[in-house]
There are 2 protein chains.
Amino acid sequence: MAKGYRVAIMGATGAVGAQFIKILEERNFPIIEVKLLASQRSAGKKIIFEGKEHPVEVLTHQSFKGIDLVLSSAGAARSKEFLPSAVKAGAVCVDNSSAFRMDRDVPLVVPEVNSEAISLHKGIIANPNCSTIQMVVALYPLHNVSKIERIVVSTYQSVSGAGQKKVLELASQAKKIASRPDAFGVGKHKVEKSDINEFPYQIAYNLIPHIDVFLENSYTKEEMKMVLEARKIMGDESIAITATCVRVPVFYAHAESVNIQTRDKITAEEARRILGDAPGVKLIDEPSRNGYPMPLNDGEGTDAVFVGRIREDESIENGLNLWIVSDNLRKGAALNAIQIAESLYGISCD
Amino acid sequence: MAKGYRVAIMGATGAVGAQFIKILEERNFPIIEVKLLASQRSAGKKIIFEGKEHPVEVLTHQSFKGIDLVLSSAGAARSKEFLPSAVKAGAVCVDNSSAFRMDRDVPLVVPEVNSEAISLHKGIIANPNCSTIQMVVALYPLHNVSKIERIVVSTYQSVSGAGQKKVLELASQAKKIASRPDAFGVGKHKVEKSDINEFPYQIAYNLIPHIDVFLENSYTKEEMKMVLEARKIMGDESIAITATCVRVPVFYAHAESVNIQTRDKITAEEARRILGDAPGVKLIDEPSRNGYPMPLNDGEGTDAVFVGRIREDESIENGLNLWIVSDNLRKGAALNAIQIAESLYGISCD
């Protein structure tokens, strides 16, 4: 039995890449070799891992020799191009991009929901989209009690979900506006066009109802990911889902307002009991003491999927409203991928 | 026939009060006397109206002698205390507070929806809650084509909806954070407890799923206002409505993600045609050129209710998703109240 694994990180210099490194360290993932891969642009950079400096190497088809595990977050195009070479070299790949998620042959896994699918892999295991992961962690325990018939979800997604450059753009727009004495006045908190480079419009003090590209049906790809991926992970193609995805001026952690309709009644009290015991979920639901989850206070930098504001929906017979918050770079990306690897190798990190 | 009206503004120094003054000027509302009323705290302040300085007077039960119209936005307690005196003195009151909205005897009016209710008033006409107004302006034209059976709404509400002090708190928190060189880092954009005075938690870079007080059923009063007021304005108690209301770090204009189910099918194309011609609505719905409404770019400081992201909801037979944006201080408060007065007096300001 190996004492540890040879791990390659694709996209090591990105926002999720940084979280891969941080979380592998935090959890003492058994590693005997780490290989940090990125594009030519990042070649020569150095990254500290477990106290030692590691060079960033340029990603090539030859990068995977001797590698056991690839943690990949370098975008769908690079995953499509390079992961087949990694598989050929004998590695197992946990891919954070959308490249393979809907492939029949590729398990799409959230360990709290469908860890049993991991063993069916043929070299690639897909990590779902951030907004999907936190939703299914919170909803699957309810689905197990009474089938979820329909989901209506509206998201409040932080800028870090779009990458490190977007994080810096929000910070830089906010900084420019803050230097004005009357930034709070009507019409006084717009930045110049030259300060808008990453998002299609200013994100500071704004809401942009547009994440990923628009599709033929007027939904965005992000919205359809939530529909299609949630069904695949929960193993139930009959769940009716509709989503509206919105970018908000928050740095880290996504929030979701979720309305569900179940086959049989689940009371708010039952839902609180079920979710209070559910794996990966942390319940914060005490209105009387202003107890509800928030991105800044709860989600940012933590591991759980936080659920609160659980209310029986009085507009239908078997409905519930929930408010779900989780760190999109951690449980929504790097942490979930590493949990997949832990499950694959039978590593317990509790 | 009078050449104009004697108008008293209650809460003249507040966020909505300032908008009353601005919009009365913009629309050349026929005024022969204006009386600016506020609490003892603001006594002695001066406010410019139509180029002339007016003193702010302390609100008393004697303030309404000779007044034709009271525009009131001084909170529910003051409305309850003082508006009966105004009515007794012969004034008609348009009240922006929640004090009288659900009274059987008080019309609750959005002129684009139920202007016919205005004539039933007995001295007080209630102005609905900001988030309700923009929702019904957008939904009523669809309801007229095919009855709306159910509404699931999640809001994204700006800080100005909670008053001018909240606006300043967001600005001051953001300013403090902006002075840090690494404000964008995980855990680096929290302010001190002493900088949190208006909202229960930090609002800069955060989301607070809590507007107005919590009720017995775990909903907030804001959420139940959307349910009860929308039914009363649309004149249909059978519409099933469920709401989740969230405060977001935006200064002005609220947004809403709204899912509706209608009795008969309305296609997205039909909805665009209906809303393209609807009173008070401005359609911005061209995904191919990133056309959708946003608070900063469209809502802030303008009069329309903006609608976009219209999509057929594929999860049910007769469903639609919409994204609705409007200035909560204007159409959501002061403008709607002034439009009620215009309708009452048969004034056309177009």
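Everything that follows concerns the structure shown earlier in this document.
Attention in this report is confined to the structure presented alongside it.

## A look at the overall build of chain A
Scanning chain A from N- to C-terminus turns up nine helices and 13 strands. Relative to the 2.2 N^0.38 estimate, which gives 20 Å for 350 residues, the radius of gyration of chain A is 21 Å and therefore close to what a compact globule would have. By principal-axis analysis of the C-alpha atoms, chain A measures approximately 60 × 55 × 40 Å. The burial tally for chain A puts 63% of its 350 residues in the buried class. Taking the contacts inside chain A whose residues are at least 6 apart along the sequence as the reference set, 69% of them involve residues at least 24 apart. Carbon and sulfur atoms make up 48% of the accessible area of chain A, which amounts to about 13,200 Å² in all. With 41 positive and 43 negative side-chain charges, chain A shows a spacing of 6 Å between the two charge centroids.

## Focus: the relation of the copies chain A and chain B
The operation relating chain A to chain B is a screw motion whose rotation component is 180 degrees, with 0.0 Å of axial translation and a residual RMSD of 0.0 Å. Those values place the two copies in the arrangement expected of a two-fold rotation axis. Mapped onto chain B, 100% of the interface residues of chain A are again interface residues, and the two copies thus contact each other with one and the same surface.

## Topic: helix 5 (residues 164–178) of chain A
The end-to-end C-alpha distance of helix 5 of chain A, which contains 15 residues, comes to 21 Å, matching closely the 21 Å that a straight helix rising 1.5 Å per residue would cover. All of the buried residues in helix 5 of chain A are Lys166, Val167, Glu169, Leu170, Ala171, Gln173, Ala174, Ile177 and Ala178 of chain A. Along its buried surface, helix 5 of chain A packs onto helix 5 (164–178) of chain B.

## As for unusual backbone geometry
Residue and element names in this part refer to chain A. Non-glycine residue Glu50 carries a positive phi angle of around 50 degrees. Within the fold, Glu50 resides in the loop between strand 3 (46–49) and strand 4 (52–58). For Asn290, which is not glycine, the phi dihedral falls at a positive 55 degrees. Mapped onto the elements of the fold, Asn290 is located in the loop between strand 11 (281–283) and helix 8 (295–299).

## A closer look at the packing of helix 1 (residues 15–26) of chain B against helix 9 (residues 330–345) of chain B
All names here are of chain B. It is the contact of helix 1 with helix 9, at a shortest axis distance of 9 Å, that shows an interaxial angle of 50 degrees. In terms of orientation, helix 1 and helix 9 fall into the oblique class. In the crossing of helix 1 with helix 9, the sense of the turn from one axis to the other is right-handed. Here helix 1 contributes Val16, Gln19, Phe20, Lys22, Ile23, Leu24 and Glu26 to the contact with helix 9, which in turn contributes Arg330, Ala333, Ala334, Leu335, Ala337 and Ile338. Its residues placed into classes, the contact of helix 1 with helix 9 shows nine nonpolar, one polar and three charged.

## Regarding the sheet that holds strand 6 (residues 92–95) of chain A
All names here are of chain A. Across the sheet, which stays open at both edges, the seven strands sit in the order 3-4-2-1-5-6-7 with mixed pairing between neighbours. Here the strands that pair on one side only, and so sit at the sheet edges, are strand 3 and strand 7 (124–126). Neighbour-to-neighbour, the strand axes of the sheet open up by a mean angle of 25 degrees, direction not taken into account. Across three bridges, the pairing between strand 6 and strand 7 is parallel. Opposite Val94, over in strand 7, you have Ile125 as the bridge partner. Of the strands in this sheet, strand 1 (5–10), strand 2 (31–38), strand 3 and strand 5 (69–72) are in contact with helix 1 (residues 15–26), which crosses strand 3 at around 20 degrees.

## Here we look at the pairing of strand 3 of chain A
The alternating pattern of strand 3 of chain A places Ile47 and Phe49 of chain A on a buried face and Lys46 and Ile48 of chain A on a face that is not buried. Linking strand 3 of chain A back to strand 4 of chain A in an antiparallel pair, the connection comprises two residues, with Glu50 of chain A at a positive phi of about 50 degrees.

## Quick notes on the interface of chain A and chain B
Counting residues at the interface gives 76 residues for chain A and 76 residues for chain B. Across the interface of chain A and chain B, roughly 6,300 Å² is buried in total on both sides, 59% from carbon and sulfur atoms. The salt bridge partner of Asp313 of chain B is Arg150 of chain A, with a shortest N-O separation of 2.6 Å. At the junction of chain A and chain B, the tally comes to 46 residue pairs in polar contact (both at pLDDT 80 or more).

## Section: the sheet that holds strand 9 (residues 240–244) of chain B
Residues and elements named next belong to chain B. In spatial order, the strands read 9-8-10-13-12-11; together these six strands make up an open sheet with mixed pairing. Of all the strands in the sheet, the pair left with one neighbour each is strand 9 and strand 11 (281–283). Strand-to-strand twist in this sheet, taken as the mean axis angle between neighbours without regard to direction, amounts to 25 degrees. Here strand 11 pairs with strand 12 (residues 305–312) via three bridges, running parallel.

## Digging into helix 6 (residues 221–234) of chain A
Since the α-helix advances by 3.6 residues per turn, residues separated by three or four positions end up pointing in the same direction. Its 14 residues place the ends of helix 6 of chain A 19 Å apart at the C-alpha level, agreeing with the 20 Å of an ideal helix rising 1.5 Å per residue. Of all 14 residues that make up helix 6 of chain A, eleven are buried, and the element is covered over most of its length. Turning to helix 6 of chain A, its buried residues are Glu222, Glu223, Met224, Lys225, Met226, Val227, Glu229, Ala230, Arg231, Ile233 and Met234 of chain A. Among the structural elements, helix 3 (111–114), helix 4 (130–145), strand 8 (148–156), strand 9 (240–244) and strand 10 (254–262) of chain A together with strand 12 of chain B are those in contact with the buried residues of helix 6 of chain A. A positive phi of about 65 degrees marks Gly235 of chain A, the residue just after helix 6 of chain A.

## With respect to empty space enclosed by the protein
If a probe the size of a water molecule is rolled over the atoms, the empty space left behind becomes visible. One pass over the full model with this rule turns up three cavities of 30 Å³ or more. Estimates place the volume of the largest cavity at around 70 Å³. Lining the largest cavity are 14 residues, with Val152, Val153 and Ser154 of chain A together with Ser257 and Asn259 of chain B positioned closest to its centre. Residue assignment for the lining of the largest cavity shows that the elements contributing at least two residues are strand 8 and strand 9 of chain A together with strand 8 (148–156) and strand 10 (254–262) of chain B. In the lining of the largest cavity, the residues fall into six nonpolar, eight polar and no charged.

## Quick notes on the pattern of salt bridges
Note that side chains of opposite charge can pair when their charged atoms are close. For the structure on display, the rule yields 42 salt bridges over all chains. Put simply, Lys265 of chain B and Glu312 of chain B hold a salt bridge, and the shortest N to O gap is 3.5 Å. Taken together, the residues span a long stretch of sequence, with Lys265 of chain B in the loop between strand 10 and helix 7 (268–276) and Glu312 of chain B in strand 12 at a distance of 47 residues. What you see here is one network of salt bridges that share partners, running through Lys22, Glu26, Asp303 and Arg330 of chain A.

Procedures and definitions
Residues numbered from 1 in each chain as written. Chains lettered and ligands numbered in written order. Predicted model: local features only at pLDDT ≥ 70, side-chain atom pairs only at ≥ 80, totals over all residues. Heavy atoms only, no water. Helix = DSSP H or I, 4+ residues; strand = E, 2+ residues; numbered from the N terminus. Rg over C-alpha atoms; globule rule 2.2 N^0.38 Å. Buried < 20%, exposed > 50% of the residue type's maximum accessible area, 1.4 Å probe, protein only. Contact = heavy atoms within 4.5 Å. Areas by Shrake-Rupley, 256 points an atom, 1.4 Å probe, with all protein chains shown as cover. Lys, Arg positive; Asp, Glu negative; His and termini not counted. Charge placed at Lys NZ, Arg CZ, Asp CG, Glu CD. Least-squares fit on C-alpha atoms with pLDDT ≥ 70 in both. Expected span 1.5 Å × (residues − 1). Axes fitted to C-alpha atoms, helices over the stretch in contact; angles between N-to-C directions. Parallel < 35°, antiparallel > 145°, perpendicular 65-115°, else oblique. Left-handed = near helix turned anticlockwise from the far one by under 90°. Nonpolar A, V, L, I, M, F, W, Y, C, P; charged D, E, K, R; others polar. Pairing = 2+ DSSP bridges. Buried area = accessible area lost by both parts, 1.4 Å probe. Salt bridge = Lys/Arg side-chain N within 4 Å of Asp/Glu carboxyl O. Polar contact = N/O pair within 3.5 Å; in protein donor to acceptor, adjacent residues only side chain to side chain. 1 Å grid on protein atoms, 1.4 Å probe; cavity = no way out; pocket = protein on both sides within 12 Å on 5 of 7 lines; lining within 4 Å. Points joined across faces, edges and corners; volume = space filled by probe spheres on them.

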